[in-house]
Amino acid sequence: MNLLPTRPLTDTSNSGLKAFLHGLPGVDAVGLEARAATLATRSIKNESKAWAIDTAISMVDLTTLEGMDTPGKVKAMCAKALHPDPTDNSCPSVAAVCVYGDLVTTAREAVGDRLHVAAVATAFPSGRASMDVKLMDTKQAVADGADEIDMVIDRGAFLSGNYSKVYDEIAAIKEACGDAHLKVILETGELKTYDNVCRASWLAMEAGADFIKTSTGKVSPAATLPVTLLMLEAVRDFETKTGTKVGVKAAGGIKTSKDAIRYLVVVNETVGEAWLNPDLFRFGASSLLNDLLLQRQRMSTGHYSGPDYVTID
Amino acid sequence: MTFEYAPAPESRSVVDIDASYGLFINGEFVDPFDGQHFKTINPATEEVLSEVAEAGQADVDAAVAAARRAYDKTWSKMSGKDRAKYIFRMARLIQERSRELAVLETLDNGKPIRESRDVDLPLVAAHFFYHAGWADKLEFAGYGPNPKPLGVAAQVIPWNFPLLMLAWKIAPALACGNTVVLKPAETTPLTALAFADICQQADLPPGVVNIVTGAGDTGRMLVEHPDVNKVAFTGSTEVGKAIQRAVAGTNKKLTLELGGKAANIVFDDAPIDQAIEGIVNGIYFNQGHVCCAGSRLLLQESIADEAIDSLKRRLQTLRLGDPLDKNTDIGAINSSMQLAKIEELTKSGEDEGAERWSPECPIPDKGFWFPPTVFTNVTQAHRIAREEIFGPVLSVLTFRTPEEAVEKANNTPFGLSTGIWTEKGSRILWMANKVRSGIVWANTFNRFDPTSPFGGYKESGFGREGGVQGLGAYLHVEDPS
Amino acid sequence: MSRVDVRKTHKLFIGGAFPRSESGRTYEVTDAKGEFIANVAQASRKDARDAVLAARAAFAKWSTATAYNRGQVLYRIAEVMEGRREQLVHDVAQAEGLSSRKAAQQVDASIDRWVWYAGWADKYAQAIGNTNPVAGPFFNFSIPEATGVVAAVAPQDSSILGLTSVIAPIVMTGNAVIVMPSPSAPIPAITLAECLATSDVPGGVVNILTGAPAEVMPWLAEHADVNALDLTGIVDEAVAADLERQAAGTVKRVRQAKPHANWDATPTLSRIRSFTEIKTVWHPLGL
């Protein structure tokens, strides 16, 4: 059994996938977490910090995924996404807005061509629906103007070892996306072990994911530094094997600028500068943006800012 | 845009360094009898930090006499319960002054502040905490119902973990009821002197702890002093042998913690990314100035090439530079002497045909530095596979089968530690059983804890420090035979 | 006319066999009154060298035998000694000038000591080993392992009980030993060797070299394949000091001389600790 898979995955039957996935190197949880903790001690100051904050802002998928979302809520969020800091035009805009499929039209009208519109699809967040429903969910969102689709994998199928169901679904949704970008949500909080996350990452990448994403944000734990580190290692090794760069999105549970900067350090020291841009790394967040803005204001004014100086949306 | 980390220096202002220090004898700082001093420098900048006293024979005599008096009149008469409380006080003071001590350690030793702050100092405090609790429970430790202290302990420690080595020596000695005279290494005396200040703050009875600074001669005088009951030494195997010869024929009890050339063994089913971290930590942590460093990487031949590629990739993110910068991974080499040794052995590696590689690594102009280095195509017969380099230099060898890995791991006069990386549980335990070393780290490396006994087989020394086994070195048990 | 007895040739005990000294030398052993008993082999440095080879070879298997197995082997030594009780009593009485009754007490105590140590074999690891509650997600345990090859000098003044008390803890813990018995009272040791040879002790686990410790021990003290010295029976302090100095050349563990001890008292764990190494193993505790 090799250190890293190097032959292209040709046998996508369930037994072929199982042999491939179960043959991946194991992950020692304590070691992984220790490495993430050490990376978290990096101290980023001054010019580097300012750059990191702006980069983080430009990587945010500003998100609202609530049952009580209305067109009004979505429009307000889109306005903020375009001009996060009304007092400072130099503040970059975010990468994308992220909404449920039925609000894509509203979002696209609000942002025009200036931002990406990402729709969650495939019976988000549970993923428990028929394939027809999932395909319809996806196609409708793309037709309405979404240029990014955030799908969920079938965790039930994964945990019961039905890898080809997971694989085939991802491949089919990728096709239904057309030109839209596909992010595949692993829902790491339900996969539970790092070995599972490693396998699910490879499965998604082999099936055609443009991005692998940690979580729906509806289950805890969502994104963590160790799990993101692990996914970045998988992405790094996938590039070594195939030449293709897959992006990573850390979603849910990232609240402070300090957190965000830690993720950027992990990206920097695992996959390097090539991934330090919104095309290959995203934060799925809602409240993070305001903390980034507060820190940005502190850096430009020299004094601590307060909640009255950032907008609620 | 590249993500440069701006300098993030820890502030020096947290620590006050005196221009000059005396010897700490009988609870006070006193000048040496013949007034000799020597300088201690910051190896990262070559700046003089302070000057400390050079203890001569009269000073060593005075220190031992103070320790003896304190033992006879105070410390041996004190209950374990009360001794415990003094040691707990010291543990607390160390925690309170941790930041200051970490900065001081980094300045004097050259190790990155992240290590002195996150590894050294927490362990120092933990050692005093752990041993404080034993002071009044010795009858339960397995040394009979009434174990007694030995008396006065002479302790000589190295420069690689100055305050931590002091903790490993002083904490158990005091807990067991002994008094001590300790000599820190000549290049790293400052945290020991700060510890003396902590003894004063704790109101430790005078003479229980004495610190005599000096170099090899001072150490020799201390070890050879006739009124010493116990000698504890951590340092090179060569000096350890000299000390063992020096105490032969006396009644002094001896423990030695000497050098190593540990094998870090990686099997084809290892959790590879964590194994690479373990390899890196094993040899580059503390600039490789670690007796239990994983300095021989034994890779299973079937995965050697990929593992070496992954290792080189990982080494490119190591940051070498100002030890006070919180982002520094690799600090300064402790002295010009040590740097010369590393350079000599590294050159021998090239001369003997091994392939040398280092990541690109800007080296500061002043100070003593050595980039992290890997030698591949190394075999057991190379000097760099047999001799302890004590620097950030890794020698990579290969093996075919577990038995061969064990043979190569054991084929050395040393026996301090071994690393084993494999996902297979039965193989972990089988390997752990077979390797002749006092410490086995399986799927991890460089883990230390006061509850965990540390020490070597063969020429890595004898006796253990830490845990219940470590107490034995400082206790006298009535033994009919 | 009383029967002409067949007198024994007293040889060395190496690797489970009874060779003469390669030097061909012997020396005279007399009883407590100075009467001649026998010519006993006088070991040379080459015999010592061979003994180390035999001990090292035996160590590989003996140290990996289960504790239970070692306990059974030690118990069988006691069984065989019990069967030879009369011979041992005679040898001890003759060697030390003791009455039969006192010699019998010594022999009985020796047999009982083998039994005592036999009972320790599968327990001492529980007495001196343990898990350690480290402050992190790791499982951590410490276990005692055999040191290796031990060179020992048995007490001069206790030809069976002191001898047993030196050998038994060394082998019980999985080590192999080369022991030099009292030069003036070696016969009980040779009889013990016969007991060992007819019990289940693998050859080479115990090697007995009769002769002059002052001549042979320096070779063992410097030998790089000897891991530890037990100087219990060395009476001359200067000799002990020299041997300790020589031992430093390869950092051997040294148990210091204690020529006069109370062998009747129950031992402590001290000898068990002297010849074991504590190995500590760490492993992460994780998903």
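Thresholds, definitions, all that
Residues numbered from 1 in each chain as written. Chains lettered and ligands numbered in written order. Predicted model: local features only at pLDDT ≥ 70, side-chain atom pairs only at ≥ 80, totals over all residues. Helix = DSSP H or I, 4+ residues; strand = E, 2+ residues; numbered from the N terminus. Rg over C-alpha atoms; globule rule 2.2 N^0.38 Å. Buried ≥ 20, exposed ≤ 12 C-beta atoms within 10 Å, placed from the backbone. Contact = placed C-beta atoms within 7 Å. Expected span 1.5 Å × (residues − 1). Nonpolar A, V, L, I, M, F, W, Y, C, P; charged D, E, K, R; others polar. Pairing = 2+ DSSP bridges. Axes fitted to C-alpha atoms, helices over the stretch in contact; angles between N-to-C directions. Core = buried A, V, L, I, M, F, W, Y, C linked by C-beta atoms within 7 Å. Parallel < 35°, antiparallel > 145°, perpendicular 65-115°, else oblique. Left-handed = near helix turned anticlockwise from the far one by under 90°. Right-handed = clockwise from strand over helix to strand, strands pointing away. pLDDT = per-residue confidence, 0-100.

### With respect to the overall build of chain A
Working step 1: A tally of regular secondary structure across chain A gives 13 helices and eight strands.
Working step 2: By the compact-globule yardstick of 20 Å for 313 residues, chain A fits well, its C-alpha radius of gyration being 19 Å.
Working step 3: If you line up chain A on its principal axes, its C-alpha atoms span 60 × 45 × 30 Å.
Working step 4: Every one of the 313 residues in chain A was classed for burial, and the buried ones make up 55%.
Working step 5: Intrachain contacts of chain A at a sequence separation of at least 6 include 74% that bridge at least 24 residues.

### Thoughts on the overall build of chain C
Working step 1: In terms of regular secondary structure, chain C is built from 10 helices and 10 strands.
Working step 2: For 287 residues, the compact-globule estimate of 2.2 N^0.38 gives 19 Å, and the C-alpha radius of gyration of chain C, at 19 Å, lies within 12% of that figure.
Working step 3: In terms of its C-alpha atoms, chain C occupies a principal-axis envelope of roughly 85 × 40 × 30 Å.
Working step 4: Classification of the 287 residues of chain C by burial places 53% in the buried group.
Working step 5: Look at the contacts in chain C between residues 6 or more apart in sequence, and 77% of them connect residues 24 or more apart.

### With respect to helix α1 (residues 45–62) of chain C
Residue pairs three or four apart in sequence face the same way in an α-helix, which turns once every 3.6 residues.
Working step 1: With 18 residues, α1(C) extends 25 Å between its outermost C-alpha atoms, agreeing within 8% with the 26 Å of an ideal straight helix rising 1.5 Å per residue.
Working step 2: Taken together, the buried residues of α1(C) touch β5 (149–153), β6 (176–180), β7 (206–208) and α8 (213–222) of chain C.

### Considerations on helix α6 (residues 161–172) of chain C
Residue and element names in this part refer to chain C.
Working step 1: Over its 12 residues, α6 runs 16 Å from end to end, which matches the ideal 16 Å to within 8%, given 1.5 Å per residue.
Working step 2: Taking burial as the measure, the 12 residues of α6 include 12 buried ones, the bulk of the element.
Working step 3: All buried positions along α6 are accounted for by Leu161, Gly162, Leu163, Thr164, Ser165, Val166, Ile167, Ala168, Pro169, Ile170, Val171 and Met172.
Working step 4: Following α6 by one or two positions, Gly174 adopts a phi angle in the positive range, close to 95°.

### Quick word on the interface of chain B and chain C
Think of interface size as the accessible area that goes away when the parts come together; that is how it is often given.
Working step 1: Facing the 40 residues of chain B at the interface are 39 residues of chain C.
Working step 2: Contributing elements (two or more residues each) for the side of chain B that touches chain C: α8 (237–247), α14 (425–434), β18 (439–442), β19 (461–462) and α15 (467–471) of chain B.
Working step 3: In the side of chain B that touches chain C, the residues fall into 16 nonpolar, 16 polar and eight charged.
Working step 4: Examined bridge by bridge, β18(B) and strand β10 (residues 276–284) of chain C share three bridges and lie parallel to one another. The residue bridging Ile439(B) from the neighbouring strand is Thr280(C), located in β10(C).

### Side note on the sheet that holds β6(C)
Residues and elements named next belong to chain C.
Working step 1: Strands sit in the order β7-β6-β5-β8-β9 across an open sheet of five strands; the sheet is parallel. At either end of the open sheet lies a strand with only one pairing partner, and these are β7 and β9 (253–255). Looking at each pair of strands side by side, their axes are set apart by 15° on average, direction ignored.
Working step 2: Sheet analysis places β6 next to β7, joined by three bridges and oriented parallel. Paired with Val177 across the two strands is Val206, which belongs to β7.
Working step 3: This element, α1, spans β5, β6 and β7 of the sheet and lies at about 150° to β6.

### Observations concerning the nonpolar core
Working step 1: Ranked by size, the top nonpolar core spans 185 residues in total, and within it Ile87(B), Val181(B), Ala55(C), Val177(C), Ile178(C) and Val179(C) carry the most contacts.
Working step 2: The biggest single contributor to this core is helix α5 (residues 162–175) of chain B, with 11 residues.
Working step 3: Ile178(C) has contacts with Ala48(C), Ala51(C), Val52(C), Ala55(C), Ala151(C), Asn207(C), Leu209(C) and Leu220(C), leaving out every residue within four places of it along the chain.
Working step 4: Counting 108 residues, the second largest nonpolar core, distinct from the first, contains Cys78(A), Val94(A), Val117(A) and Ala146(A).

### Some points on the interface of chain B and chain A
Working step 1: Taken together, the contact pairs 26 residues of chain B with 26 residues of chain A.
Working step 2: Broken down by element, the side of chain B that touches chain A gets its largest block of residues, five residues, from helix α9 (residues 272–284) of chain B.
Working step 3: Across the side of chain B that touches chain A, the residue classes tally to nine nonpolar, seven polar and 10 charged.

### Let's talk about the sheet that holds strand β12 (residues 263–266) of chain B
Working step 1: One open sheet holds the 10 strands; their spatial order is β14(B)-β15(B)-β16(B)-β13(B)-β12(B)-β17(B)-β18(B)-β10(C)-β4(C)-β3(C), and the pairing between them is mixed. If you trace the sheet from one side to the other, it starts and ends with β14 (355–357) of chain B together with β3 (130–131) of chain C, each paired once.

### Structural notes on the packing of helix α4 (residues 100–120) of chain C against α6(C)
When two helices pack together, you describe them by how their axes are tilted relative to each other and by the distance separating the axes.
Residue and element names in this part refer to chain C.
Working step 1: Across the interface, α4 lies against α6 with an axial gap of 9 Å and an inter-helix angle of 10°. Taken together, the axes of α4 and α6 lie roughly parallel to each other. Like other packed secondary-structure pairs, α4 and α6 cross with a definite hand, here right-handed. Here Gln106, Ala109, Ser110, Arg113, Trp114, Tyr117 and Trp120 of α4 lie close against α6, whose contacting residues are Leu161, Thr164, Ser165, Ala168, Pro169 and Met172.

### Observations concerning the pairing of strand β7 (residues 152–156) of chain B
Residue and element names in this part refer to chain B.
Working step 1: For β7, the tally of buried residues reaches five of five residues, placing the bulk of the element in the interior.
Working step 2: Burial of the side chains of β7 extends over both faces: Val152, Ala154 and Val156 are buried on one face and Ala153 and Gln155 on the other.
Working step 3: For β7 and strand β8 (residues 179–183), the ladder comprises five bridges, and the chain directions are parallel. Across the sheet, residue Ala154 finds its bridge partner in β8, namely Val181.
Working step 4: Chirality of the crossover, the property in question, places the unit of β7, α5 and β8 among those that are right-handed.

### Topic: the environment of Tyr284(B)
Residue and element names in this part refer to chain B.
Working step 1: In this structure, Tyr284 sits in helix α9.
Working step 2: Classification of Tyr284 as buried rests on a count of 23 C-beta atoms within 10 Å.
Working step 3: Separated by 94 residues in sequence, Tyr284 and Val378 have C-alpha atoms that sit 18 Å apart.
Working step 4: Excluding anything up to four places from it in sequence, Tyr284 contacts Leu318, Ile330, Pro372 and Pro392.

### Some words on the confidence of the model for chain C
Working step 1: Per-chain confidence: chain C averages 97 in pLDDT, with 100% of residues scoring 70 or above.
Working step 2: This prediction of the complex comes with two scores: 0.93 for pTM and 0.93 for ipTM.

### Brief notes about unusual backbone geometry
Working step 1: The peptide bond linking Phe124(A) to Pro125(A) adopts the cis configuration, its omega dihedral lying at -5°.
Working step 2: Here Pro125(A) lies in the loop between β3 (116–121) and α6 (131–144).
Working step 3: Residue Ser220(A) is joined to Pro221(A) through a cis peptide bond whose omega torsion reads 0°.
Working step 4: Considering the arrangement of structural elements, one finds Pro221(A) in the loop between β6 (211–213) and α11 (225–242).
Working step 5: A positive phi angle, near 55°, is found at Gln287(B), a position not held by glycine.
Working step 6: Its place among the elements puts Gln287(B) in the loop between α9 and β13 (296–300).
Working step 7: The phi dihedral of Asn446(B) is positive, around 50°, even though this residue is not glycine.

### As for the environment of Asp61(B)
Working step 1: Locating Asp61(B) in the fold gives a position in helix α1 (residues 57–73).
Working step 2: Asp61(B) sits in the partly exposed class, given 16 other C-beta atoms within 10 Å.

### Let's talk about the pairing of β12(B)
Residue and element names in this part refer to chain B.
Working step 1: A two-sided burial pattern is seen for β12, the buried positions comprising Ala263 and Ile265 on one face and Asn264 and Val266 on the other.
Working step 2: As paired strands, β12 and β13 are joined by four bridges and run parallel to one another. The partner of Val266 across the bridge, within β13, is Leu299.
Working step 3: Taken together, β12, α9 and β13 constitute a β-α-β crossover, and its handedness is right-handed.

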